[in-house]
Amino acid sequence: MLYRRRQFTRGAVALLALPWAAVPARAGMSEAELDAAIRELVGDAAIQDGDVRLSLPAIAENGAQVPLTVAVDSPMTPADYVTAIHLLATRNPTPGIASFRLSPALARAEVQTRIRIAEEQAVIALAVHADGRVVRAAASLKVTTGGCLS
Amino acid sequence: MSTLSQPRIRIPRTAKPGEVIEIRTLIEHRQETGIRRDGTTAPERDMLTRLIARRDGETIFSAELRNGTSANPYHVFFVRMERTADFAFTWSDTKGRTVTVTARVVVA
């Protein structure tokens, strides 16, 4: 168990260290399409690794209903809060999963949802802070049965 | 035109001042993307595209739902309560249909 966890952590860290371009996008989505989707969401802002935690199962039995939790370290005060969290798929037919718009009324910058995953891939979370900073996290998962009808 | 199904909300009826409450929302919807990659005829696109959560009329959380959101969209988020408030949760879809549910949380 300990060993597996260490393996997983190492994998996640390696993934984070890679630029988007290193994540091959195959299932009907080009790298350019993924990059365009990211830029449409966050503009020209520099994207840093940082205080975003993206939780997905390592292996999803049913790709049609994959539980996802995304949480960002933020005090969620009117001066310092997370304004948006964007989720993107790297190997679905299209990159968009969802965008969440947050407000300081929320106690935490955390959202839980369920997503569709067509095949083994990385999921990307981008969090936009009120001061304009954009931070990212990525998590990869395998899937037993793909969730996008094809 | 059929109507959207009635959403289900889990939200506490009461809270203490300053308490953080968990709100869970679920709505049945097939979230048909209209995409098929196997050559079969794709059905018409039929997606819920937006969820808006308001507290006393002010938007506190919203979601733009795209193809990667699962069928029967489910969302959980956390709100700090200082005073009694009325919540309204509204979903809308690509056919222009909307459905809203409301809930009051009494802070005492």
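In case you missed it, the structure is sitting above this.
Residues numbered from 1 in each chain as written. Chains lettered and ligands numbered in written order. Predicted model: local features only at pLDDT ≥ 70, side-chain atom pairs only at ≥ 80, totals over all residues. Heavy atoms only, no water.

Chemist: Looking at this structure, how should I read the interface of chain A and chain B?
Modeler: One frequent convention defines the size of an interface as the accessible area lost when the parts assemble. With 29 residues of chain A at the interface, the matching set in chain B holds 30 residues. Three residues, Gln112, Arg114 and Arg116 of chain A, lead the burial of chain A against chain B; their summed loss comes to 23% of the area buried on that side. On inspection of chain A and its partner chain B, the count reaches one salt bridge. Arg101 of chain A is paired through a salt bridge with Glu64 of chain B; the nearest N and O atoms lie 2.7 Å apart. Between the two partners, chain A and chain B, sit 22 residue pairs in polar contact (both at pLDDT 80 or more). Among the secondary structure elements, those contributing two or more residues to the side of chain A that touches chain B are strand 6 (96-102) and strand 7 (109-115) of chain A. Looking at which element gives the most residues to the side of chain A that touches chain B, the answer is strand 6 of chain A, with seven residues. Across the side of chain A that touches chain B, the residue classes break down as 15 nonpolar, nine polar and five charged. When strand 7 of chain A meets strand 6 (residues 74-81) of chain B, the two strands line up antiparallel, connected through two bridges. The residue bridging Gln112 of chain A from the neighbouring strand is Val76 of chain B, located in strand 6 of chain B. (Contact = heavy atoms within 4.5 Å. Buried area = accessible area lost by both parts, 1.4 Å probe. Salt bridge = Lys/Arg side-chain N within 4 Å of Asp/Glu carboxyl O. Polar contact = N/O pair within 3.5 Å; in protein donor to acceptor, adjacent residues only side chain to side chain. Helix = DSSP H or I, 4+ residues; strand = E, 2+ residues; numbered from the N terminus. Nonpolar A, V, L, I, M, F, W, Y, C, P; charged D, E, K, R; others polar. Pairing = 2+ DSSP bridges.)

Chemist: Would you mind showing me how to read the nonpolar core here?
Modeler: Proteins that are soluble and globular tend to have nonpolar side chains buried together. Ranked by size, the top nonpolar core spans 57 residues in total, and within it Phe61, Phe87 and Phe89 of chain B carry the most contacts. When sequence neighbours within four positions are dropped, the list of residues in contact with Phe87 of chain B reads Ile11, Ile21, Ile23, Arg54, Arg55, Ile60, Val79, Met81, Val101, Thr102, Ala103 and Val105 of chain B. The next biggest cluster of nonpolar side chains, apart from the first, holds 13 residues, and it includes Met29, Val42, Ile124 and Ala138 of chain A. (Core = buried A, V, L, I, M, F, W, Y, C linked by side-chain atoms within 4.5 Å. Buried < 20%, exposed > 50% of the residue type's maximum accessible area, 1.4 Å probe, protein only.)

Chemist: Would you mind showing me how to read the packing of aromatic side chains here?
Modeler: How two aromatic rings sit relative to each other is given by the distance of their centres and the angle of their planes. Following the criterion strictly, the structure yields three aromatic pairs over all chains and no others. Each ring, one from Phe61 of chain B and one from Phe77 of chain B, has its centre 4.4 Å from the other, and the planes form 20°; the classification is stacked. Residue Phe61 of chain B is found in strand 5 (residues 58-65), and its partner Phe77 of chain B is found in strand 6; the two are separated by 16 residues along the sequence. Just as Phe61 of chain B is buried, Phe77 of chain B falls in that class too. On the basis of an interplanar angle of 5° and a centroid distance of 6.1 Å, the ring pair of Phe87 of chain B and Phe89 of chain B is categorised as stacked. Just as Phe87 of chain B is buried, Phe89 of chain B falls in that class too. Looking at Arg108 of chain A, its charged tip hangs above the ring of Phe78 of chain B, at a distance of 3.9 Å from the centre. Over the ring of Tyr74 of chain B we find Arg114 of chain A; its NZ or CZ atom is 3.9 Å from the centre of that ring. (Phe/Tyr/Trp six-rings, centres within 6.5 Å; stacked < 30°, edge-to-face > 60°. Lys NZ or Arg CZ within 6 Å of the ring centre and 35° of its normal.)

Chemist: What am I meant to see in the environment of Ala130 of chain A here?
Modeler: Residues and elements named next belong to chain A. When you line up the elements, Ala130 lands in the loop between strand 8 (121-129) and strand 9 (134-145). Take Ala130: its relative accessible area is 38%, and that puts it in the partly exposed class. Each C-alpha atom, one on Ala130 and one on Thr77, is 9.9 Å from the other, the two residues being 53 residues apart in sequence. Beyond its immediate stretch of four places on either side in the chain, Ala130 contacts Ala79, Tyr81 and Thr83.

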